[in-house]
Amino acid sequence: MNAAPNRFTRAVPALVPLVVVTAIAELAVRADWVKAYLVPAPSSVLRAMIEGRQELIDALLTTSASALTGFFLSTLGGIAIAVFLASSRTIQKAFYPYAVFFQTVPIIAIAPLLVIWFGYGTRTVIASAFIVSIFPVIANTLSGILSTDPALRDLFRLYGASTPVTLFKLRFPAALPQILTGLRVASGLAVIGAIVGEFIGGQGLGSVVDSARTQQRVDKVFAAVLLASVLGLALFGLINLVSHVTLRRWHASEQE
Amino acid sequence: MLRNRNRGDNLNSLTRRNFAFALSAAGLLAGCSKAPQKIRLALNWKPEPEFGGYYAAPYQKHGLDVEILPGGAGTPTVQMIGAGSAEFGIVSGDELIIARSRGNDVLGLFAVFQHDPLSIMAHASRKAASLADVFKGGTVGLQRGLAYARMLEKKYGFGKVKIVPSPGGDVTAFLHDPMFAQQCYLTAEPLIAKKQGADVQVFRIADEGYDPYTAMMATSGEYLRKNPQTVAAMVAAVREGMRSYLDDPKPVNEKMNALNPSMPLDVFAGASEAQRALVETDETSKNGLGSMTKERWDAIISQLKDLGDIPAVVPAEECFRNL
């Protein structure tokens, strides 16, 4: 009986800004303080969403598939690279600067090349999502693995645990909170990367945004951008769920 | 007016000592309203030969202080004019009509291109006889959102080709794939591709019956009402600039090349020659460079209506002003 009102009261703080901002935007456009071709009224965004629902839903699904694949690849790749980097100081010194490369690569600049390497369509989009989102996974995982409690490490050594055992039973679980932080950052970036990839590679929400922009349909641009945010939020929620399941029994961040 | 009256009141109540200072301040204020005001002209692309006339224009001679803002892919010039973040901007005719139908009061003043250089280029090795052949296979890079693209879709169907986003001036994909065709400016990408060794065939969209005025300078209705003299001076300066650019493009090409070094000087030279026929027509020798006719606007308006880009016909005479 108590669950429903509880959930509602918990949602209120997040809903207030939404309602206020939406109301102000609607009023500003209706009163002609802001021109509708610069900022669309929320009602016209909603209308664009309903009118273009088929196209938008298809685009959302396409973008979701690419963003998720890119995110999944950067999760696997990022953790693997971090484990490799953590294996020795020398390796870290030799390769970490190149990992930073992913952080700084201007995706727009290399986009025409991505198209040549991977062709137009999904693979280019996935590559873009991957490149943009892998670095936070590497950086956070590495820092997590490297900051294992020395006392626990000594304990493992004392009991003669092998390097893989120490990695999987101690360092990796201990690094989990930081890995998950990396994934949270990466999830949003993967969505951005996918949409940028779609500007160049075609299809999905990126293509809808591009086309609506040339048609001066600001309402439709906002509708597509909103769906992209929904996708980002969903990914973020998914990681929070994983975080809750894996950390609630021992980490302060998941205990209320 | 208000500012002038306030200034007079202040002068009356001033002491002698302050008079000199007040005089200079007043001079400053008066200066503000008379000296050339900074006017922004927003381009919708990097400095290239289509803007030669704008770069050549003797603005100072006409009492104007103009700052040209180079643009890039997707620079929303039409919205910038409406929002007042640029007094003038370069737009295309169809874009302007769509903007007007959405309540953005923008109007055209000077059309550099009397005929649209928008084209589709394909490899000559395909031996395509017409655009119909280009749409029979391979990949075509174009801006799907543009009205002309939907016109082509209606006419030829996009079922047999892979449509991908326009690479926007970049010819890497084109050079890489003999079955790749792309949206281009007659005066730009084909020259760049040829320079890189490709044999290019160009199909103009104007030949398909879709031919809006382009590289057109526009301003907002409000700005024109408030500053009719500035607008007239601007058009006169640009018309002179266009004339001098046609007569001798070399110095201005060098100036633009310094701003946009990615386009080589010989491509600049080739493009400024190639665009002559689009700038100077029988029409302009009668009515002046940059001038426009209601008939041409009517034609493109009814095409946009048929394509569903505008909900209703907008009056052609409100779209432009010949000054």
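Above this text sits the structure in question.
Residues numbered from 1 in each chain as written. Chains lettered and ligands numbered in written order. Predicted model: local features only at pLDDT ≥ 70, side-chain atom pairs only at ≥ 80, totals over all residues.

Enquirer: Explain the overall build of chain A to me, using residue names and the numbers behind them.
Expert: Of the regular secondary structure elements, chain A holds 10 helices and zero strands. Listed N to C, the secondary structure of chain A is α-α-α-α-α-α-α-α-α-α in terms of helices and strands. With the C-alpha coordinates aligned to their principal axes, the bounding extent of chain A is approximately 75 × 60 × 30 Å. Relative to its 256 residues, chain A shows a buried fraction of 38%. A separation threshold of at least 6 residues defines the contact pool for chain A, and within that pool the share at least 24 residues apart is 76%. (Helix = DSSP H or I, 4+ residues; strand = E, 2+ residues; numbered from the N terminus. Buried ≥ 20, exposed ≤ 12 C-beta atoms within 10 Å, placed from the backbone. Contact = placed C-beta atoms within 7 Å.)

Enquirer: Got a sec to walk through the pairing of strand 1 (residues 38-42) of chain B? Specific residues and values, please.
Expert: Direction of pairing for strand 1 of chain B relative to strand 2 (residues 65-69) of chain B: parallel, over a ladder of five bridges. Directly across from Lys38 of chain B, in strand 2 of chain B, lies its bridge partner Asp65 of chain B. (Pairing = 2+ DSSP bridges.)

Enquirer: How would you sum up the environment of Glu95 of chain B? Please name residues and give values.
Expert: All names here are of chain B. As for its position among the elements, Glu95 is in helix 5 (residues 93-101). Note on Glu95: 24 C-beta atoms within 10 Å, which makes it buried. Between the C-alpha atoms of Glu95 and Leu146, which are 51 residues apart in sequence, the distance is 8.7 Å.

Enquirer: Talk me through the packing of helix 5 of chain B against helix 16 (residues 294-307) of chain B; I want residue IDs and the actual numbers.
Expert: Residues and elements named next belong to chain B. Packing of helix 5 against helix 16 leaves a shortest axis separation of 10 Å and a crossing angle of 65°. Judged by the twist between their axes, the crossing of helix 5 over helix 16 is right-handed. Across the interface between the two elements, Gly93, Asp94, Ile97 and Ile98 of helix 5 pack against Trp297, Ile300, Ile301 and Leu304 of helix 16. Tallied by class, the residues present in the contact of helix 5 with helix 16 amount to six nonpolar, one polar and one charged. (Axes fitted to C-alpha atoms, helices over the stretch in contact; angles between N-to-C directions. Left-handed = near helix turned anticlockwise from the far one by under 90°. Nonpolar A, V, L, I, M, F, W, Y, C, P; charged D, E, K, R; others polar.)

Enquirer: Report on the packing of helix 6 (residues 122-146) of chain A against helix 8 (residues 163-201) of chain A, specifying residues and quantitative values.
Expert: Residues and elements named next belong to chain A. One way to put it is that helix 6 packs onto helix 8 with a least axis distance of 6 Å and a crossing angle of 160°. Considering the angle they form, helix 6 stands roughly antiparallel to helix 8. By crossing handedness, the relation of helix 6 to helix 8 is classed as right-handed. Here the residues of the contact of helix 6 with helix 8 are counted per class, giving 20 nonpolar, 13 polar and two charged. (Parallel < 35°, antiparallel > 145°, perpendicular 65-115°, else oblique.)

Enquirer: If you had to explain the sheet that holds strand 4 (residues 106-113) of chain B to someone new, which residues and values would you point to?
Expert: Residue and element names in this part refer to chain B. With mixed pairing, five strands are arranged side by side in an open sheet as 2-1-3-10-4. A single partner strand is all that each edge strand has here, and the edge strands are strand 2 and strand 4. Sheet twist, expressed as the average angle between the axes of neighbouring strands with direction ignored, equals 25°. Contacting strand 3 (88-91), strand 4 and strand 10 (214-220), helix 5 runs over the sheet at an angle of about 175° to strand 4. Where helix 11 (residues 228-247) meets the sheet, its contacts fall on strand 3, strand 4 and strand 10, and the angle it forms with strand 4 comes to roughly 10°.

Enquirer: Describe the environment of Met217 of chain B, naming the residues involved and giving the relevant values.
Expert: Residues and elements named next belong to chain B. Within the secondary structure, Met217 sits in strand 10. Distance in space between the C-alpha atoms of Met217 and Leu142 is 24 Å, their sequence separation being 75 residues. Apart from the residues within four sequence positions on either side, Met217 is in contact with Phe88, Ile90, Leu109, Phe110 and Val238.

Enquirer: Could you give an account of unusual backbone geometry, naming the residues involved and the relevant values?
Expert: Residues and elements named next belong to chain A. Notably, Asp32 is not glycine yet its phi reads approximately 65°, a positive angle. With 9 C-beta atoms packed within 10 Å, Asp32 lands in the exposed category. Within the chain, Gln216 stands out as a residue other than glycine whose phi angle is a positive 60°. Relative to the helices and strands, Gln216 is located in the loop between helix 9 (204-214) and helix 10 (218-247). In this structure Gln216 comes out as buried when scored by C-beta crowding, with 21 C-beta atoms within 10 Å.

Enquirer: How would you summarise the interface of chain A and chain B if you had to cite specific residues and measurements?
Expert: Each partner contributes residues to the interface: chain A has 19 residues there, and chain B has 23 residues. Only helix 5 (107-118), helix 8 and helix 9 of chain A provide two or more residues apiece to the side of chain A that touches chain B. Among the elements that line the side of chain A that touches chain B, the one with the most residues is helix 9 of chain A, at six residues. By residue class, the composition of the side of chain A that touches chain B is 10 nonpolar, six polar and three charged.

Enquirer: Any chance you could break down the nonpolar core for me, citing the residues and the numbers?
Expert: By size, the foremost hydrophobic cluster in this structure holds 149 residues, and its most contacted members are Ala129, Ala190 and Ala224 of chain A together with Val134, Met216, Ala218 and Val238 of chain B. Setting aside chain neighbours within four positions, we find Val238 of chain B in contact with Gly53, Tyr54, Ala57, Phe110, Met217 and Gly290 of chain B. (Core = buried A, V, L, I, M, F, W, Y, C linked by C-beta atoms within 7 Å.)

Enquirer: Talk me through helix 5 of chain A; I want residue IDs and the actual numbers.
Expert: Residue and element names in this part refer to chain A. For helix 5, spanning 12 residues, the distance from its first C-alpha to its last is only 14 Å, which falls clearly below the expected 16 Å at 1.5 Å a residue. Those residues of helix 5 not exposed but buried are Ala111, Leu114 and Val115. Each buried residue of helix 5 sits inside an arc of 95° when the element is viewed along its axis, so together they form one side. Among the exposed residues of helix 5, those pointing more than 90 degrees away from its buried face are Ala109 and Trp117. (Expected span 1.5 Å × (residues − 1). Arc of directions from axis to C-beta.)

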